[in-house]
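# Structural overview for review
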There are 2 protein chains.
Amino acid sequence: MGRRVVIVGGVAAGMSAATRLRRLDEEASITVLEAGDHVSFANCGLPYHVGDVIPDRGALLRDAGQIAERFRLDVRRGHEVVALDRDARTVRVRSADGETDEPYDVLVLASGAAASPLPTDGSVPTHTLRTVEDMDAIRAAVDGGVRRAVVVGGGYIGLEATENLVRRGVEVSLVIRGDQVLRTLDAEMAAPVHEHLVAHGVALRFGAAAERVDAGHVVLDDGERLLADLVVDGTGVRPASSLAERSGLDIGPTGGIAVDARHRTSDPAILAAGDDAEKQDAIGGEPALVALAGLANRHGRAVADVIAEAPAATDAPPALGTAIVQVFGLAVATLGWTEARLREAGRAIRVVHTHPIDHAAYYPGAEQMTVKLMIDAEDDRLLGAQIVGRAGVDKRIDVLATAIAGGITASRLSQLELAYAPQFGSAKDPVNLAGYVAENLALGQAAAVQWHELPGLLADGWTLVDVRSPGEFARGAIPGAVNLPLDELRARHGELPADRVVVHCQVGQRGFTAARLLGQLGHDVANLDGGYRTWRDGEA
Amino acid sequence: MGRRVVIVGGVAAGMSAATRLRRLDEEASITVLEAGDHVSFANCGLPYHVGDVIPDRGALLRDAGQIAERFRLDVRRGHEVVALDRDARTVRVRSADGETDEPYDVLVLASGAAASPLPTDGSVPTHTLRTVEDMDAIRAAVDGGVRRAVVVGGGYIGLEATENLVRRGVEVSLVIRGDQVLRTLDAEMAAPVHEHLVAHGVALRFGAAAERVDAGHVVLDDGERLLADLVVDGTGVRPASSLAERSGLDIGPTGGIAVDARHRTSDPAILAAGDDAEKQDAIGGEPALVALAGLANRHGRAVADVIAEAPAATDAPPALGTAIVQVFGLAVATLGWTEARLREAGRAIRVVHTHPIDHAAYYPGAEQMTVKLMIDAEDDRLLGAQIVGRAGVDKRIDVLATAIAGGITASRLSQLELAYAPQFGSAKDPVNLAGYVAENLALGQAAAVQWHELPGLLADGWTLVDVRSPGEFARGAIPGAVNLPLDELRARHGELPADRVVVHCQVGQRGFTAARLLGQLGHDVANLDGGYRTWRDGEA
Ligand SMILES: Cc1cc2nc3c(=O)[nH]c(=O)nc-3n(C[C@H](O)[C@H](O)[C@H](O)COP(=O)(O)OP(=O)(O)OC[C@H]3O[C@@H](n4cnc5c(N)ncnc54)[C@H](O)[C@@H]3O)c2cc1C
Ligand SMILES: Cc1cc2nc3c(=O)[nH]c(=O)nc-3n(C[C@H](O)[C@H](O)[C@H](O)COP(=O)(O)OP(=O)(O)OC[C@H]3O[C@@H](n4cnc5c(N)ncnc54)[C@H](O)[C@@H]3O)c2cc1C
Ligand SMILES: CC(C)(COP(=O)(O)OP(=O)(O)OC[C@H]1O[C@@H](n2cnc3c(N)ncnc32)[C@H](O)[C@@H]1OP(=O)(O)O)[C@@H](O)C(=O)NCCC(=O)NCCS
Ligand SMILES: CC(C)(COP(=O)(O)OP(=O)(O)OC[C@H]1O[C@@H](n2cnc3c(N)ncnc32)[C@H](O)[C@@H]1OP(=O)(O)O)[C@@H](O)C(=O)NCCC(=O)NCCS
């Protein structure tokens, strides 16, 4: 018989390790210990069964027996590992049958993330949304006639819970500790998401943390009490690393289990992967938490390669954190760092906002999106990206993630040979276009200012010129702007001062042409990046 | 006054050069000579106005006056350049007002492609589909009550014309010289497109070339006569390089104008970009024709950088030919070389077929696609890709194009950190999955055979094992296969010979697990790449 491999946790990382290991090694003894009732279930689908988007609960579940048989695994559900004895190389397992010790040669920790539920007096059903049981309970509550729900937390799970409750006719208040949803977004990129949530009837409650559930209300830390007959708590998730910690394994600064690029913990017999383990951040190099299914699956699989000493075993590249979430039809995708974080870290950056359409304007159904890039001012590398829109968002974030992996600089995005037909893109794809804008900035073709720099410039006496049409100007303009349409600039540029001019249009494009023109006509001029649209979102 | 720049052709490449040049150089004199009545029109939208998908004809057109004014261009429509005198540095221009000579310091040839129309006796309206006038004429014919159309040529334009005529209720016969549509596809990838066309009522006529239109019929070179009351000719397109050729400029082996990576012809005062000029092929390095709008726009813009000696001027990277077309809802995307072409060239390659779904199976609307990769057997680089499916095809081809540009090998596709939520992908995206399959091949984790190798193996006495379920087997199986379901393999593998075993499943995935298992149990075994699905498409 081969080595005894014991895996704690039987979902994304754990089961990926188990199945791959079996494909590599028919001899190993592989035991999967799963505290819950389900293995290999689709966590990411849970909110959509609540919302009845996925009416068939069974679609989220996998037949544990079949996986066990196909891959000759000893899969034990309802088996929680409660202690780890590294000297004896055993884990203590608690199940309905009591406690036993399970010996291992190699241990894999794939226990995911843990949530600390909101303290409650039991007056209102209160749940996290992480397990099949959570889902069943929330759905049962909704079926039973919930009218008002409070969702706590503006992260992915909070947003998906909100959408799906609204879908079921529930009135939702979303409680957010900070002043925006999704900390992976900068403020002006979160603004359209807020607008969209409000347009779908969600009550947003910023700047307050939920403290407890009491007498039919959620009590906030500023004292406010929100009436609720269901509470979904999407906050307080952290790596499930306490077992590791108690046994003396190294825990990293993030609270996750510290691992090297081969997923090895500080104990050579123990590996860890998934939400319980740290990743290395691709932008800063430091340890980071990235609780996403793609990495959990990949790192789980890689664990098997390491255990089997397979030729495929390689160092995991650092993590970008590419992520996407859809909220009422609006897709929000991010990777890398935010502008705010980069500025706080003192990084010299260039920032680009564009508002392209997902496919050719003349073909029906084109939708506008907003693309934001953060670029290293020294080496032109991409440090972050944020995209918000109704269509084509997933494609562009994936292209950007791939570009980063391939070391393609921001300027060189312009040269990517992307597939074009009018249903799918434009002859200049949004990614190409962002590359041109980045290149123009990098080469000094046009200076740009950010929306948050504008108030300072105006206070310093700069002249703000709106080069849109009079009609656009009339429908809403930046206070203090003078209107001088692009097509009149050549004739009327004498009306403008020679220095300290900012031009802007709706999205940045005509502003760029205006800036090039004025620059050649002798003015010292900058273009407002992202135009009126980005300014408006920033001021929202 | 600045240099006199004269541009021949006022659409994708020509107008991109003109507008960019103006942004770089306010002084230059820029003249655009366009033979037709329209500049900057959306060629790629023409078929969809015929089909009434784009009911508003104006959506395809641009206001020439506004472009001229904004960018201070001398735009002359209805002005055809009929001769070029390189010694005198003049072009001869023919317009309604007669002929004149126009002097230039720099000349840009952006005259696109030319089509030789099918000879006709005038008995049936017969058109190419390249200009606004072509579109108007075809649409008028359809409005006038066309019942039967013959479309000649199975390339992009032939397919788009076909779809849009069918949309208008016209019965279409599609005449194709070879035995498949789209030469950028291998046979087994074209098969589902054929099936799809037939399912939409299109009559496919392979292996014959249209020779002429005669007495209400299209006459094929095998003598057959097809009744038609409209003929759309999508064949015979070649670079519009005759002007260049007559003036003694170098013409490349493809018939396109020979240019260097800075778009310079053999005459230092003349540049060329777009469909009339050659590109360098990214896979083989040789001159190639890639008549696509993305490159025309990019190279047109780059021409301006070269003329203005702008800092952005760089060598154009070689062309991959990334392309996509949609046919009755089916998207077909390609890049690089086909398997057939690579094998013909004697390149050592690995080939991967997968049939993943575009997003999580449990989320509504998931659609299966077929992904094919051609991989250099020596350095693991991608040499070609083909994807066919209803959703998510454009995203995956763009990710692959970006990966190639970034030098990411096939095996490393597995590590791309792509955005996942159940609406948009899977925790293992189709691109990641193809990377795993490629890596397993590269590392010898499992041998694979291609569908076209199977007949030879069976003739040599190999045993073919279908590891699908008995139900799947009963619904259709490969002749000669024995059924031994994956989950019984461990118990029953003794029934199989030790050597020369091929396993297969529906798409390749269970077959891979079976091959791993049998390999470890001592069998010499290979997996049929792409499974039953690819075999069936190949035999179609
Ligand atoms: C509602 C929801 C939606 C999500 N949506 C997305 C999305 O759209 N995209 C995305 O990328 N990610 C999403 N995620 C995150 C993704 O599901 C996780 O990143 C991924 O599942 C992590 O995999 P894992 O194997 O590390 O942990 P998990 O999949 O959480 O599995 C860990 C398992 O370990 C078990 N366990 C824990 N401790 C013990 C113990 N001591 N003994 C035995 N068993 C134990 C747990 O019961 C659990 O089943 C979502 C998560 C949730 C909850
Ligand atoms: C119906 C159709 C659909 C298409 N769909 C797609 C698609 O989905 N995706 C894609 O990437 N590509 C598509 N293309 C191809 C794309 O349109 C071309 O690659 C692109 O337009 C080439 O740009 P160009 O500037 O080189 O040539 P063109 O855009 O063709 O412009 C050349 C211009 O030069 C003018 N001209 C020629 N000779 C002279 C002369 N001697 N004097 C003056 N003027 C002259 C012509 O009148 C013409 O207007 C499609 C093309 C067509 C026709
Ligand atoms: C499903 C699960 C058990 C993993 O099972 P798995 O068999 O390793 O993975 P898949 O079913 O994706 O199959 C992938 C394997 O088939 C191979 N494969 C897939 N398609 C193939 C094809 N067409 N030809 C050859 N091989 C193929 C892959 O190479 C891979 O094998 P490898 O890892 O040895 O390289 C695990 O991912 C899981 O538990 N998932 C559910 C939980 C989850 O992920 N939740 C979060 C998201 S909702
Ligand atoms: C439209 C056309 C005239 C080109 O005009 P253009 O002004 O050069 O190009 P666009 O309108 O795409 O604008 C791009 C310019 O705006 C800039 N820009 C775009 N968005 C911007 C933003 N948000 N901020 C700053 N600059 C921006 C780009 O950098 C680029 O300028 P650059 O080339 O100097 O770098 C030409 O492409 C054309 O004729 N197209 C129609 C024909 C065609 O392409 N047919 C085939 C496909 S159907």
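Below is a summary of the structure that appears in this document. Here the structure is a predicted model, which is why all the values come from computation and not from measurement. (Residues numbered from 1 in each chain as written. Chains lettered and ligands numbered in written order. Predicted model: local features only at pLDDT ≥ 70, side-chain atom pairs only at ≥ 80, totals over all residues. Heavy atoms only, no water.)

### Focus on the interface of chain A and chain B
- Across the boundary between the two partners, chain A contributes 83 residues, which contact 83 residues of chain B.
- Summed over both sides, the interface of chain A with chain B buries roughly 7400 Å², with 55% coming from carbon and sulfur.
- Where chain A packs against chain B, one counts 10 salt bridges.
- At the surface where chain A touches chain B, the tally comes to 40 residue pairs in polar contact (both at pLDDT 80 or more).
- Only helix 1 (12–24), helix 3 (64–70), helix 8 (293–307), strand 21 (323–327), helix 10 (393–405), helix 11 (430–442) and helix 15 (509–520) of chain A provide two or more residues apiece to the side of chain A that touches chain B.
- In terms of residue count, helix 10 of chain A provides more of the side of chain A that touches chain B than any other element does, nine residues in total. (Contact = heavy atoms within 4.5 Å. Buried area = accessible area lost by both parts, 1.4 Å probe. Salt bridge = Lys/Arg side-chain N within 4 Å of Asp/Glu carboxyl O. Polar contact = N/O pair within 3.5 Å; in protein donor to acceptor, adjacent residues only side chain to side chain. Helix = DSSP H or I, 4+ residues; strand = E, 2+ residues; numbered from the N terminus.)

### A look at the nonpolar core
Residues and elements named next belong to chain B.
- By size, the foremost hydrophobic cluster in this structure holds 47 residues, and its most contacted members are Leu165, Leu197 and Leu230.
- For this core, the element with the highest residue contribution is helix 4 (residues 132–143), accounting for five residues.
- Apart from the residues lying within four places of it in its own chain, the contact partners of Leu165 are Val50, Ile138, Val142, Ala149, Val151, Val170, Val172, Leu230 and Val232. (Core = buried A, V, L, I, M, F, W, Y, C linked by side-chain atoms within 4.5 Å. Buried < 20%, exposed > 50% of the residue type's maximum accessible area, 1.4 Å probe, protein only.)

### Things to note about the relation of the copies chain A and chain B
- Turning chain A through 180 degrees and shifting it by 0.0 Å along the axis lays it on chain B, with an RMSD of 0.0 Å. Such a turn and shift between the copies fits a two-fold axis. Relative to the rotation axis, the C-alpha of Gly406(A) is the closest in chain A, positioned 2.0 Å from it. (Least-squares fit on C-alpha atoms with pLDDT ≥ 70 in both.)

### So, the site of ligand 1
- In the region of ligand 1, 31 residues are neighbours, and Ala13(A), Glu34(A), Asp275(A), Ala293(A) and Tyr420(B) sit closest.
- Within the side chain of Asn43(A), a nitrogen or oxygen atom sits 3.1 Å from an oxygen atom of ligand 1.
- At a separation of 2.9 Å, a nitrogen atom of ligand 1 approaches a polar backbone atom of Val81(A).
- Elements that contribute at least two residues to the shell around ligand 1 include exactly helix 1, strand 2 (29–34), strand 4 (80–85), helix 5 (156–167) and helix 8 of chain A.
- Across the shell around ligand 1, the residue classes break down as 19 nonpolar, seven polar and five charged. (Near = heavy atom within 4 Å. Nonpolar A, V, L, I, M, F, W, Y, C, P; charged D, E, K, R; others polar.)

### A closer look at the sheet that holds strand 11 (residues 171–176) of chain B
Residues and elements named next belong to chain B.
- Strands sit in the order 9-16-10-11-12 across an open sheet of five strands; the sheet is parallel. The open sheet terminates on both sides in strands that have one partner only, identified here as strand 9 (126–127) and strand 12 (203–206).
- For strand 11 and strand 12, the ladder comprises four bridges, and the chain directions are parallel. In the sheet register, Ser173 faces strand 12, and the bridge partner there is Ala203.
- Contacts from helix 5 (residues 156–167) reach strand 10 (148–152), strand 11 and strand 16 (230–233), with the element oriented near 165 degrees to strand 11. (Pairing = 2+ DSSP bridges. Axes fitted to C-alpha atoms, helices over the stretch in contact; angles between N-to-C directions.)

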